[in-house]
Every structure is written in structure tokens, then in C-alpha cells.
Amino acid sequence: MTVTAPPVTSSFAVPRDVAEWVDRIADLAQPRDIVWCSGSLPERRHLIEELVEAGTLIPLNPDLRPNSYLARSNPQDVARVESRTFVCTPREEDAGPTNNWREPLAMREELRSLFEGAMRGRTMYVVPFAMGPVGGPLTRYGVQVTDSPYVVVSMGIMTRMGAPALSRIAEGAAWVPAVHSVGAPLGYGETDVPWPCNPTKYIVQFPATREIWSFGSAYGGNAILAKKAFALRIASALGHDEGWLAAHMLLLKVTSPQGTARHIAAAFPSACGKTNFAMLRPTLPGWKVETLGDDIVWIGPGSDGRLRAINPEAGFFGVAPGTSRETNPVAIDMLARDTIFTNVALTDDGDVWWEGLTPSAPDHLIDWQGRDWTPSSPEPAAHPNSRFTVAAQNCPTIADDWDAPEGVPLDAVVFGGRRASNVPLVAQANSWEHGMLIGATLSSEQTAAAEGTVGALRRDPFAMLPFCGLHMADHWADWLAVGSSVANPPAVFQVNWFRKGRGGRFLWPGFGENIRVLAWMLGRLDGTAPGVDSPLGTLPAEGELDYLSAGVSGEEWGELMSVDRRALFAESDDTERYLSTFSPRVPVAIYAQLRQLRVRLASGE
Ligand code: GTP
Ligand code: SPV
Ligand code: MN
């Protein structure tokens, strides 16, 4: 076995514990060689060259899409695999009813036999990374080993990867070890495939020992272990012990024409609109929205007595379908260069295309599986979970303070999902505790971001269903506790861009028009929008949200904002049954809030 890039140079001192761990994993997985990643530009260029040579990355036309590439995954490896995601707490009851659990020792044994020789014939890359700005007070560190150069290049976009992170670890910063293999060892002389993976997949978190092991997939959150595995699952356990929160949220800054700026974090389940909301281009004159993050936020009490928030990531891994100049012009500009696209379609002139990019499809494409495609083809040209990977710096609306080490003060948190019925466009919770009930009982129609039946309504508490590294009800308790640890917790709102009217049409135009909802929220924060009470909380009073200018008729507005007490009461019965599945850990405040909601719904208040 050869080791490239010396493990010890003046600028690249390898901490002994990291070196020992790497040796142990190498003994087990038996890679052909080991490469320590410094995060340098030449290193990145070299990796990309190799990926192009291997056929994993297809260079796009540099005149149309400079420094950009297309990857086509194996059709069996296109989304997160929740059924193969495990949270291995020492005691089963600590993983809770929403996680797959295995006894840690038994799982370690299973992993040991899976990983034995798993990297044979491949290079094992050692990828040190920081979540948050290197050296920042809220920043955490990790080291991922992987036998996928595609994953290394992705980690280089999504995290602060390389030597500076390793230096911090050498100085004594705690680090999370993450082991990743595509599970496709190469025999001597055997030729590789562009997207090696294994039909058997394991995404395993050990929250108690803060370790991650992933086998068999190179796609997204299955493989970019800094993202969901670390920054949500392990981080929710870290936060539980240390008094902060890991949230599946976007983070934005909105500034009114009067110059009032507010920071807002919003939790929507996968493929329910975080990237779009974070990059909203306002249709209202004088308003400005800037982007801080599109997927993950860490929230904790600041020394100023307010909650503060950081985006621990350094890039965006966003859903391609539906992204267009009409829906998300900011993203379209962001994707003009330096982007890796995965599972989108290829145009005849060497550019990318996906459903929704243009009103009509080109006459001919190569689809995400490399097959000829025409508008009469029965299947979509791009996979519904096709994605782009791009650096946060490339976002034209990235906020100045997006990488402030101490984070930004949080003024409001928002919960949303895809709900064809029952949930109005916007409502403000009566209190932090009421907001936590909304978060804990959030439900949404399932999307293509994970395996499963698209469209099925499921509970997705705090949009964390597949991302919580502890008992879900303990996570709710963490939210309640972190909120009550500050004098003035953020305001809490619920939104729903996806309510449908008769004929199945969305009642609300969404996207840039969502600024009207943000503007109303700022009115609530400033005390200029009195609102009206409803069983669900405060709703916009007539005249507070100009829906007519958004193209919504008075009748449609009535449907969009209707509070159907009977349907909501029935839903609250289901909520009660749902909460009982977390018994006895449901915080009393959550039950108290549900009781109050039911009284409000029943009393006609
Ligand atoms: P993850 O990266 O999986 O966590 O997804 P996300 O929450 O960032 O979702 P994203 O913003 O990528 O949106 C997913 C899909 O929802 C896209 O196809 C969007 O076009 C669509 N979408 C986003 N915002 C809106 C909206 O306001 N209205 C409607 N109708 N669709 C929206
Ligand atoms: C999600 O599914 O919520 C994502 C994509 O953000 S992945 O990184 O694959 O989890
Ligand atoms: Mn996500």
C-alpha cells in the first residue's frame, strides 16, 4: 500500500489519533493506497481529471457552463435510503420510534464484516473538514475516509475541507470519524464502472461515541457524511448534551424598504422549498432577501441573551427539477458555472436540462440514465431527485454575514410542509410552546428526496424525521429548553405554499410572491400587523397581505386561509394518537398545547 501526500509536513501535521484511526480503517478495508486531502485547488483539479477519465464526470460545454460537470449515478443509487439508516444508541429506547435501531456491538460486527476488504483495488481518501468557519466558536470538525473521489469533490464544495481543519484537530479540537465506502472492491485488473456502489446499503450513526459508518451508496446524504449524518444526526446528539439545536432549516435575512433586517430560519421537509425560500427574489419593490443557508442550521443561546444561528455547510446540494428563471432566478445565476450536476439530462450542445427549467423540453436530450430522450418519452429526462452541488460563494444573494463565526441573531423560526389541505398559507403561533407543538406535529406529503411513495402524507416532526440522532421527543424537549433559555425566544410561524383548490391547482403562486408572507411576518415582529386570532394562532387580517397583487382572488384567498375546524379537530385526534407513540417522553408542554388547540377548535373561539 502506498501513501501519497506525506502525512507530516510543516503545513500538514497529522494528529496522531487521526493517523491511528486511518491505519485501523485501512487495515480493515485494505485500499490500494491512501491519499490525504489538503483541500488545495491543484488537488481538486487532479481529482476532477481522474473522474472525467473514469467517466464519472462528463465535462459540460465550457462556453455554456464553465467549469461544470454532469454525473450519472447508478439507477439503484438515486436518493437517501431511510430504511437502511440506523441510529445505534446503546439502549433501544433512546433511538425512539422514528429511527431504525441496532444494538451497537452487533452493528459493529456487521460493519466489520462488510468493510473487510471493501476498498480493495481503490484509493482511500482522507478528508478532514470543518462544519462552520475554521476556528469559530460554534464550529465542529470531522474526518471522513472514503473510496469515492466523487464524494471527495462533493465534500470539497459542501464543507471547509482540508489542511486548516486538520490543523485545528491537531491543536486538540474534537472530531467525528466518518467511514465511507461504496462497497465495490476491484479485483486485480478488473475495470471500474463510472458509479460504483452496492445494492446493500448501510448509513449508520453511533451518537454516543459520535461515529458514522456508511456503506454501498455514493449519493448525497448517504455519502457526503458531513451533511445529514454529522450536521444533523450526530449534531442533534451533541446539541442535546451541550444545550444547542441541529435543525433541518434554511437561514435567510430579509430587509424591509425601511431598512429593518431580520434573520429567519425555516424547517421544511426534504424537497419542500428550503433552497427556493432561502434564495427568494422578492416581487415586492424595496424588499431584499439574502441567503445564509439552504438546508442545515445550528441554533444556540448567544451571550447577548438571544438565540444565534449558523449554517455549518459551505455549499448547496439542491433539487434541480422545478428550478427555473421564473421560480428561482437566483439559483439559475448561481448554477452558471463551477457546478456539479447529478442525474439531470444532457442537451445536444453539452449543457444541462431538467423538468421545469424551460416551459417546453428540447427536441432531443440524453436522459439521466444516458439514453436518448424526446418529449414523447414516457419518463422524465432528469431524475426527480436530481441535484446540483455548488459553493455558497457562488450564490449571488449570499449574505455578508453568512459565515460570521458567532452566527446571526434569530428573529423568527418557521415550520412548513406540503399540505394540499387543512393548513393555511401562514399563521403565527401564540407562543414558543405553541410553536413547538406545530414543529413536533408537522406533516407533509412525501417527495422524491428519499425512497418511498411520493405524495403519501406523513408526519415529519421539525422536518427531522430521517435526521434525528436521538429519541424524537427528546429533540422536542431540547427545542423547548433552548427557547426558554433566552429571555425573548424567536417568534414562530407556520406556512404552507402547497394548499390546493378545486381541480388540484396550487392556490398560492409561491416563490417570489412568498415575500408577502415574509413582509407580514416582519409586520408581526414590529407590531405593525395586528392580525386576527384563529384556533391555529394569528392570521393576517384583511388588508395586511396584498394577495390580489399576487394574482389571488378574494375567493381563492378564502380557500387558502380557511380554518376548517371539523377537519382540524379530526387531525388533532390523529395528532393525539401520533404523540402517544412517543410516550412517555412527550414533554408536558406539548400535550398542554395540544389540549389548548383542541379546546380552541371545539369552542369556536
Ligand atoms: P432538500 O434539499 O431536499 O432539503 O429540499 P428543499 O427543502 O431545499 O426544497 P427545494 O427548495 O429544492 O424545492 C423542492 C421543490 O419544491 C422544487 O421542485 C421547487 O420548485 C418546489 N417549490 C419550492 N418552493 C415552492 C413554492 O413556493 N411553491 C411551489 N408550488 N413549489 C415550490
Ligand atoms: C434532503 O433529502 O433533505 C437533502 C438531500 O437535503 S440529501 O443531502 O441527500 O439528504
Ligand atoms: Mn435537506
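Look up: the structure comes first, before these words.
Residues numbered from 1 in each chain as written. Chains lettered and ligands numbered in written order. Predicted model: local features only at pLDDT ≥ 70, side-chain atom pairs only at ≥ 80, totals over all residues. Heavy atoms only, no water.

So, the coordination of the manganese ion (ligand 3)
Around a metal, the ideal angle is 109.5 degrees if four donors adopt a tetrahedral arrangement and 90 or 180 degrees if six donors adopt an octahedral arrangement. Our working rule: Distances define the donors: N, O and S atoms within 2.8 Å of the metal qualify, as do those within 3.2 Å of Na, K or Ca. Water is excluded, so some sites may look unfinished. Irregular is the default label, applied whenever a site is not tetrahedral (four donors, all angles between 85 and 135 degrees) and neither square planar nor octahedral (four or six donors, opposite donors over 155 degrees apart, all other angles between 65 and 115). Helix and strand assignments come from DSSP, with helices taken as H or I runs of at least 4 residues and strands as E runs of at least 2, each series counted from the N terminus.
Taken together, the protein donors to the manganese ion (ligand 3) comprise Lys228 (NZ), His248 (NE2) and Asp295 (OD), at separations of 2.1 to 2.3 Å. Classification of the site at the manganese ion (ligand 3) rests on its six donor atoms, whose angles at the metal span 75 to 173°, yielding the label octahedral. One chain supplies every donor to the manganese ion (ligand 3), and in sequence these donors are spaced K-x19-H-x46-D. Of this pair, lysine 228 sits in helix α6 (residues 226-242) while aspartate 295 sits in the loop between β17 (288-293) and β18 (297-301), placing them 67 residues apart in sequence.

Regarding unusual backbone geometry
Residue serine 583 is joined to proline 584 through a cis peptide bond whose omega torsion reads 5°. With respect to the helices, strands and loops of the structure, proline 584 is situated in the loop between α13 (565-580) and α14 (588-603). Positive phi is not limited to glycine here, since glutamine 30 has a value of about 55°. Note that glutamine 30 resides in the loop between α1 (16-29) and β4 (33-36). We note that aspartate 338 has phi near 55°; this positive angle belongs to a residue other than glycine. Along the chain, the position of aspartate 338 falls in the loop between α8 (329-334) and β21 (340-342).

Observations regarding the site of ligand 2
Note the threshold: Only heavy atoms are used to decide nearness, and a residue is near a molecule or strand if one of them lies within 4 Å of it. A 3.5 Å cut-off defines polar contacts: any pair of N or O atoms within that distance qualifies, except that in protein one atom must be a possible hydrogen donor and the other a possible acceptor, and neighbouring residues in sequence count only when both atoms are side-chain atoms. Per-residue and other accessible areas were derived by the Shrake-Rupley procedure at a 1.4 Å probe size, with only the shown protein chains allowed to occlude residues.
Residues in contact with ligand 2, as listed here, are Arg80, Gly220, Gly221, Lys227, Lys228, His248, Ser270, Asp295, Phe317, Arg387, Ala449 and Phe467. Residue arginine 80 places a side-chain N or O atom 2.9 Å away from an oxygen atom belonging to ligand 2. One of the side-chain nitrogen or oxygen atoms of histidine 248 is found 3.2 Å away from an oxygen atom of ligand 2. In isolation ligand 2 exposes 290 Å². Once the protein is present, 98% of that is buried.

What to know about the nonpolar core
How we decide: Residues grouped as a nonpolar core are buried Ala, Val, Leu, Ile, Met, Phe, Trp, Tyr and Cys residues, joined through side-chain atoms within 4.5 Å. A 1.4 Å probe rolled over the protein chains alone gives each residue an accessible area, and that area as a share of the maximum for its type sets the label: buried under 20%, exposed over 50%, partly exposed in between.
Of all hydrophobic cores here, the largest spans 122 residues; its most connected members are Met249, Ile299, Trp354, Phe415 and Trp476. Tallying contributions element by element places α6 first for this core, with eight residues. In terms of nonpolar packing, the next biggest core, distinct from the first, is built from 40 residues, Val414, Ala427, Phe493 and Phe498 among them.

A few points about a negative patch on the surface
Keep this limit in mind: Only residues above 30% relative accessible area that lack a salt bridge enter a patch, with like-charged residues linked at up to 9 Å and the nonpolar side chains Val, Leu, Ile, Met, Phe, Trp and Tyr linked at up to 5 Å. When a carboxyl oxygen of Asp or Glu lies within 4 Å of a side-chain nitrogen of Lys or Arg, that pair is called a salt bridge. His is not counted, nor are the chain ends; Lys and Arg add positive charge and Asp and Glu add negative charge. By convention, charge coordinates are those of NZ in Lys, CZ in Arg, CG in Asp, or CD in Glu.
Taken together, Asp17, Glu20, Asp23 and Asp27 make up a surface patch of like negative charges. Following the sequence through the fold, glutamate 20 ends up in helix α1. On the basis of relative accessible area, glutamate 20 is assigned to the partly exposed category, the value being 42%.

Thoughts on the site of ligand 1
We count it as follows: All residues other than Ala, Val, Leu, Ile, Met, Phe, Trp, Tyr, Cys, Pro, Asp, Glu, Lys and Arg, Gly among them, are scored as polar; the first ten of these are nonpolar and the last four charged.
In the vicinity of ligand 1, 22 residues are found, and the nearest of them are Ala271, Lys274, Thr275, Asn276 and Arg387. Separating an oxygen atom of ligand 1 from a backbone N or O atom of alanine 271 is a distance of 2.7 Å. Contact with the protein chains hides 92% of the accessible area of ligand 1, taken as 660 Å² for the molecule alone. Breaking the shell around ligand 1 down by element, the ones donating at least two residues are α7 (274-278) and β20 (315-319). By residue number, the principal contributor to the shell around ligand 1 is α7, which donates three residues. Residue classes in the shell around ligand 1 are distributed as ten nonpolar, eight polar and four charged.

Looking at the side chain of threonine 342
To be explicit about the condition: Only heavy atoms enter the contact rule, under which two residues are in contact if any of them lie within 4.5 Å.
Secondary-structure assignment places threonine 342 in strand β21. Exposure remark for threonine 342: the relative accessible area of 0% places this residue in the buried category. Here the side chain of threonine 342 touches tyrosine 150 through a polar contact of 2.7 Å, side chain to side chain. Ignoring anything within four residues of it in the chain, the contact list for threonine 342 reads Ala71, Tyr150, Trp195, Tyr219, Ser386 and Arg387.

Remarks on the pairing of strand β12 (residues 202-206)
This is how the line gets drawn: Pairing between strands requires that DSSP locate at least two bridges from one strand to the other.
Summarising burial for β12: five of the five residues are buried, a large majority. Residues Tyr202, Val204 and Phe206 line one face of β12 and the alternating positions Ile203 and Gln205 line the opposite face, and both faces are buried. Bridge count between strand β7 (residues 85-87) and β12: three bridges; the pairing is parallel. Bridging across to β12, phenylalanine 86 finds its partner in valine 204. Here β12 folds back onto strand β13 (residues 211-215) in antiparallel fashion, the turn holding four residues, of which arginine 210 has a positive phi close to 55°.

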